[in-house]
Amino acid sequence: MGPPARERMSGMQESVRLKSFELVARDIAGVDVHLLHALTLSVGWPHRTKDWQFLIRAGQGIAAVDGIGRVFGTAMWFPHGDDFATVGLVITSPRNQAQGGGRWLMDRVFEQCGGRDLALNATRAAHGLYLSLGFVDEASVHMHQGKLARDIPALPPVNGELSTPGADEFAEILPIDSQAFGRSRERLLTLLSENASICVLRRGGKVVGYSMRRDFGRGHVIGPVAAVNAEDALHLTAVHMKALRGRFVRVDTREADGPYATFLEQCGLSIAEVVTTMSKGRRFLNRQADQPWFYGLAGHALS
Ligand SMILES: CC(C)(COP(=O)(O)OP(=O)(O)OC[C@H]1O[C@@H](n2cnc3c(N)ncnc32)[C@H](O)[C@@H]1OP(=O)(O)O)[C@@H](O)C(=O)NCCC(=O)NCCS
């Protein structure tokens, strides 16, 4: 059987091999956020243009673009001082995956990060790539999300006082955050706080935990949630949940089980994905009994 009659007549072939094209690394800050939004949509990620705008203010990075400015990949990093950064938004467009683009983007990130220790949360798709680049596994992150239940389970009385900090009290959350994060990230927290609702927990007048909620993707993220124990974390999370009943909410947590994970499930937030916290260089996580710890993360890319 030969080619169909129409093709026979026109001499057309059924397929064509296009010339491969070259991608160049461009500063992500100069790229149209709508093109970045299209990239995240193409891999099923929830980021909207406003989320990209925030990330570009918070960090640095590159976009892989072709000769007419179309975006085929991204990689970002978020410096915290001169010796540490988190990495995120490492994406290549599905049509161009498994052709070396991801590795090339990460090599550019290494160049830009200049020997900093690094941490990131790896999806299953990227885990092998990061292992081969010298990252090691530290923990699992459970991405809980869903439409929040109308009935938030009752909690035992809070040990301390919950309140919304005034502008002059914002600085009081910084020591707790630095202890939980292992280094200062004041700039990022200041940016996050611009569009976040914040809650602090005080005991004896001293701030012992805090939490934030902000718009993100399809709905809202509750995080960071920093606390010295699960009971405090539950209250610092429930405060935001009460304001978001029936809405789409996401909480990324390293609590695989126990009261915090159970509470999220009871509130209707089930596990959508499990990713792996990895580091290169100095170990990133350092959980210590009765010391501040993140029960909810600031976000996938922000660790
Ligand atoms: C993860 C991702 C960025 C990798 O990008 P990529 O362009 O495919 O990466 P590369 O082509 O450089 O491949 C990197 C390594 O992964 C391997 N790899 C890539 N795709 C693979 C696949 N589907 N199955 C098995 N291995 C695969 C490659 O063989 C390569 O290893 P090698 O260099 O030893 O041969 C890309 O798959 C992606 O954007 N996924 C969706 C978003 C995401 O999960 N991002 C990661 C955020 S942490």
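The model shown is predicted, which means the values in this text are computed figures rather than measured ones.

**Digging into the environment of alanine 58**
Line of reasoning, step 1. Tracing the chain through its elements places alanine 58 in helix H3 (residues 49–58).
Line of reasoning, step 2. The spatial distance from the C-alpha of alanine 58 to the C-alpha of threonine 190 is 9.8 Å, given a sequence separation of 132 residues.
Line of reasoning, step 3. Every residue in contact with alanine 58, bar those within four places of it in the chain, is listed here: Phe78, Arg187, Leu188 and Leu191.

**Topic: the packing of helix H2 (residues 33–42) against H3**
Line of reasoning, step 1. As a packed pair, H2 and H3 sit with axes 9 Å apart at the nearest point and diverge in direction by 110 degrees. Viewed along their axes, H2 and H3 adopt a mutual orientation that is roughly perpendicular. In the packing of H2 onto H3, the handedness of the crossing is right-handed. For the pair H2 and H3, contact is made by Val33, His34, Leu36, His37 and Thr40 and by Thr49, Trp52, Gln53 and Ile56, respectively.
Line of reasoning, step 2. Along the lines of polarity and charge, the residues of the contact of H2 with H3 split into four nonpolar, five polar and no charged.

**Examining the UniProt feature "domain: N-acetyltransferase" (unreviewed entry) in the chain**
Line of reasoning, step 1. As recorded in UniProt, the feature "domain: N-acetyltransferase" (unreviewed entry) lies at residues 23–159.
Line of reasoning, step 2. Here residues 23–159 runs as 31% helix and 34% strand, with 56 Å between its end C-alpha atoms.

**Observations concerning the site of the ligand**
Line of reasoning, step 1. The ligand sits among 19 residues. The nearest are Val90, Ala98, Gly100, Arg103 and Thr123.
Line of reasoning, step 2. One of the backbone nitrogen or oxygen atoms of valine 90 is found 2.7 Å away from a nitrogen atom of the ligand.
Line of reasoning, step 3. Relative to its unbound accessible area of 920 Å², the ligand is 64% covered by the protein chains.
Line of reasoning, step 4. When atoms are counted within 2 Å of each cavity's grid points, the one that captures over half of the ligand is the largest pocket.
Line of reasoning, step 5. Listing elements by their share of the shell around the ligand, those giving two or more residues are strand S4 (84–92), helix H4 (101–113), strand S5 (117–122) and helix H5 (124–132).
Line of reasoning, step 6. Per-element accounting of the shell around the ligand gives the leading share, four residues, to H5.
Line of reasoning, step 7. In terms of residue class, the shell around the ligand is built from ten nonpolar, eight polar and one charged.

**Some words on the pairing of strand S9 (residues 206–216)**
Line of reasoning, step 1. Of all eleven residues in S9, eight are buried, a share of seventy percent or more.
Line of reasoning, step 2. In terms of strand pairing, strand S8 (residues 196–203) meets S9 through eight bridges, oriented antiparallel. Note on S9: the bridge partner recorded for serine 197 is arginine 213.
Line of reasoning, step 3. Counted along the chain from S8 to the antiparallel partner S9, the turn is two residues long, and its residue glycine 204 has a positive phi close to 60 degrees.
Line of reasoning, step 4. Here S9 pairs with strand S10 (residues 219–227) via six bridges, running antiparallel. Counterpart to tyrosine 210 in the pairing with S10 is alanine 226.
Line of reasoning, step 5. Here S9 folds back onto S10, and the loop between the two strands holds two residues, one of which, glycine 217, carries a positive phi near 50 degrees.

Here is what the cut-offs are and how they apply
All residue numbers here refer to positions counted from 1 along the written sequence of the relevant chain. Side-chain atom pairs in this predicted model are given and counted only at pLDDT of 80 or more, local residue features only at pLDDT of at least 70, and totals for whole chains, interfaces and linings cover all residues. Just so you know, side-chain values use all the structure's heavy atoms and leave hydrogens and water out. Only runs of H or I of at least four residues qualify as helices and only runs of E of at least two qualify as strands under DSSP, and these elements are numbered from the N terminus. Residue contacts are counted whenever heavy atoms from the two residues lie within 4.5 Å of one another. The convention used is that axes are lines fitted to C-alpha atoms, helices contributing only their stretch in contact, and that angles between N-to-C directions extend from 0 to 180 degrees. Small angles under 35 degrees read as roughly parallel and large ones over 145 as roughly antiparallel, with 65 to 115 read as roughly perpendicular and the rest as oblique. In this scheme the handedness of a crossing depends on how the near helix is turned from the far one: anticlockwise by less than a right angle means left-handed, clockwise means right-handed. Polar here means any residue outside two lists: the nonpolar Ala, Val, Leu, Ile, Met, Phe, Trp, Tyr, Cys and Pro, and the charged Asp, Glu, Lys and Arg; Gly therefore counts as polar. UniProt positions are given in the numbering used here, feature names are shortened, and annotations may be inferred rather than shown by experiment. For this purpose, a residue is taken to be near a molecule or strand whenever a single non-hydrogen atom of the residue falls within 4 Å of it. Contacts described as polar in this section are N or O atom pairs within 3.5 Å, which, within protein, must combine one atom able to donate a hydrogen with one able to accept it, while residues neighboring in sequence count only if both atoms come from side chains. Areas reported here follow the Shrake-Rupley algorithm with a probe of radius 1.4 Å; residue values treat only the protein chains shown as occluding. Of the grid points, spaced at 1 Å and generated over the protein atoms alone, those admitting a 1.4 Å probe that cannot get out make up cavities, while open sets with protein on both sides within 12 Å along at least five of seven lines make up pockets; any residue with an atom within 4 Å of a point is treated as lining. The way we define it, a molecule is inside a pocket or cavity when more than half of its atoms are within 2 Å of that pocket's grid points. Any residue under 20% of the maximum accessible area for its type is buried, any over 50% is exposed, and the rest in between are partly exposed; the area is computed with a 1.4 Å probe on protein chains only. For two strands to be treated as a pair, DSSP must find at least two bridges joining them.

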